[in-house]
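Observations on chain architecture
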Amino acid sequence: MEVKSIGVLTSGGDAPGMNAAVRAVVRAAIRKGIDVYGIYRGYNGLINGDVKKMEMRTVSDIIQKGGTILYTARCAEFRTKEGVEKGKQTCLKYGMDGVVVIGGDGSFEGAAVLSKAGIPCIGIPGTIDNDISCSEYTIGYDTAMNTALSMIDKIRDTAQSHDRCSIVEVMGRNAGYIALNTGIACGASYIIVPEISYDINNIIEKIKVSKKLGKQHFIILVAEGIGNIEDMSKVIEKSTGIETRATVLGHVQRGGSPTVRDRVIASQFGYRAVELLSEGIGNRVIGLKDNKTVDYDIKEGLAMKKEFDKEMFDISYNISF
Ligand code: F6P
């Protein structure tokens, strides 16, 4: 089958670098003589027919921008049969022979269902959380970590000036990748992630030992999903006698201009997605393995397991006394 036209959408939480991926998809397709439609606000745009033809210049001046020019949303209706049928009808109406879905694992489930309904889809991992099991990397992760790090460095300035302990919560949904790596990079005294069980008494003990060794200020990095860090901060203050403050970094981590890594990987992923669709291949999710772009059947990709790097956790623990 000759592929004449494809669509592209961004879905789920936005992530810096999504625009670079959209740009790559649009440009790679047009270079192959394939028309591209931008689908707005994720699967909602597919359901409501909110689509616009994209040209080479539609994606000019976006590679450096955070957010997504296609807007994004989480769409409950696409989890229903009727929603998928409406989406399929939009594809048929515009003659889309395939769709590139940039998002997280929830978005890929939609891509698998639409592929099964006869519209080949390719998933591109785009989420700051790095929690797509079949890929070593997801678009937005590096930028989010660098944003978090620059803020934690500022928190450290004030923690140092006041001899305080700062508890900082970073994003990641149920995954601790952002916390682990920013924690190492900011020299956190302790990193708390969902993947590794923790005991608050061990953390308190470590702070006390470090204090005896002359350490005067402390940063505890916590992944979201662990619990209320305000409560944790009260417990630590009471048990250690060190004034403690809690900071939730929040959505600031989702914004900003993407880093080199995010722009480059987004461009690679976008290019690969178009290569696959142009060959009539669908129902695949792209991933990064040993720094090379690979692709898997969506269901198989989603079922894969990603090991949490316990060694990195141990390194952090031992060099932060
Ligand atoms: O998946 C990205 C992410 O930012 C998570 O880290 C976080 O748990 C979630 O999205 C927040 O979602 P929302 O923007 O809907 O509040």
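Residues numbered from 1 in each chain as written. Predicted model: local features only at pLDDT ≥ 70, side-chain atom pairs only at ≥ 80, totals over all residues. Heavy atoms only, no water.

**Examining helix α8 (residues 229–240)**
Quick note on the threshold: The helix count covers DSSP runs of H or I at least four residues long, the strand count covers runs of E at least two residues long, and both are numbered beginning at the N terminus. To estimate the expected span of a helix, subtract one from its residue number and multiply by 1.5 Å. Residue exposure (1.4 Å probe, protein chains only): buried if accessible area is under 20% of the type maximum, exposed if over 50%, otherwise partly exposed. This arc is built from the directions going out from the helix axis to the C-beta atoms. We call two residues in contact whenever any of their non-hydrogen atoms come within 4.5 Å of each other. Any pair of nitrogen or oxygen atoms within 3.5 Å is treated as a polar contact; in protein, a donor-acceptor pairing is required on top of that, and neighbouring residues in sequence qualify only through side-chain atoms on both sides.
In a regular helix each residue adds 1.5 Å, so twelve residues correspond to 16 Å; α8 covers 16 Å between its end C-alpha atoms and thus fits that length. For α8, the full list of buried residues reads I229, M232, S233, I236 and T240. Viewed end-on, α8 has its buried residues packed into an arc of 100°, placing them on one side of the element. More than 90 degrees from the buried face of α8, the exposed residues found are K234 and K238. Buried residues belonging to α8 abut β6 (165–170), β7 (190–192), α7 (200–212), β8 (218–223) and β9 (244–248). With a side-chain oxygen positioned 2.7 Å from the backbone nitrogen of E230, the residue opening α8 is N228. Of the residues one or two after α8, G241 is the one with positive phi, at around 80°.

**Quick notes on the nonpolar core**
Note the following rule: For the purposes of this section, nonpolar cores are sets of buried Ala, Val, Leu, Ile, Met, Phe, Trp, Tyr and Cys residues that join through side-chain atoms within 4.5 Å. An automatic or database domain assignment provides the domain bounds reported here.
Among the nonpolar cores identified, the biggest contains 76 residues, and I6, V100, I124, I152, I220 and L221 are the most heavily contacted of them. Mapping this core onto the domain boundaries places at least three of its residues in each of domain 1 (5–140 + 258–303) and domain 2 (143–255). In this structure, L221 is in contact with I152, V168, V170, A179, T182, G183, C186, A188, Y190, I191 and I192, ignoring residues within four places of it in sequence. Counting residues in each nonpolar core, the second largest holds 25 residues, with V51, M96, V285 and Y296 among its members.

**Some points on the packing of aromatic side chains**
So the rule is basically this: Two aromatic rings from Phe, Tyr or Trp, using only the six-membered ring of Trp, form a pair when their centres are within 6.5 Å; if the ring planes differ by under 30 degrees the pair is stacked, by over 60 it is edge-to-face, and anything between is tilted. Counted as over-ring charges are cases with an Arg CZ or a Lys NZ within 6 Å of the ring centre that also lie within 35 degrees of the ring normal.
Counting across every chain of the model gives eight aromatic pairs. Each ring, one from Y43 and one from F78, has its centre 4.1 Å from the other, and the planes form 10°; the classification is stacked. Residue Y43 is located in helix α2 (residues 43–48), and its partner F78 is located in the loop between β3 (51–54) and α3 (81–94); the two are separated by 35 residues in the primary sequence. Given the relative accessible area of 5%, F78 is considered buried. Put simply, the rings of Y190, F313, Y317 and F321 pair up and form one aromatic cluster. A cation over a ring is seen here: R261 above Y137, with NZ or CZ 4.4 Å from the ring centre.

**Let's talk about the site of the ligand**
Cut-off, in case you're wondering: Nearness is defined per residue: one heavy atom within 4 Å of the molecule or strand is enough. Here, Shrake-Rupley sampling with a 1.4 Å probe gives the accessible areas, and only protein chains in the shown set may cover a residue.
Taken together, R74, T127, I128, D129, M171, G172, R173, E224, H251 and R254 make up the full set of residues near the ligand. Here G172 contributes a backbone N or O atom positioned 3.1 Å from an oxygen atom of the ligand. Take R254: an N or O atom from its side chain is 2.7 Å from an oxygen atom of the ligand. Burial of the ligand by the protein chains amounts to 76% of its free accessible area of 400 Å².

**Focus on the domain arrangement of the protein**
Where we set the bar: Using a 1.4 Å probe, buried area is obtained as the accessible area two parts lose upon being combined, added over both of them. For this document, the term salt bridge refers to a Lys or Arg side-chain nitrogen within 4 Å of an Asp or Glu carboxyl oxygen. Throughout, the ten residues Ala, Val, Leu, Ile, Met, Phe, Trp, Tyr, Cys and Pro are labelled nonpolar, Asp, Glu, Lys and Arg are labelled charged, and all others, Gly among them, are labelled polar.
Partitioning the protein into domains gives domain 1 (5–140 + 258–303) and domain 2 (143–255). Domain 1 and domain 2 are separated by 35 Å when their C-alpha centres are compared. In this assembly, 13 residues from domain 1 lie in contact with twelve residues from domain 2. Together domain 1 and domain 2 conceal approximately 1000 Å² of surface at their shared face, both sides included; 51% is due to carbon and sulfur atoms. Across the contact surface, domain 1 and domain 2 share one salt bridge. The salt bridge involving R254 is made with D14; its shortest N-O contact spans 2.6 Å. Here domain 1 is connected to domain 2 by five residue pairs in polar contact (both at pLDDT 80 or more). Partitioning the side of domain 1 that touches domain 2 into residue classes produces four nonpolar, four polar and five charged.

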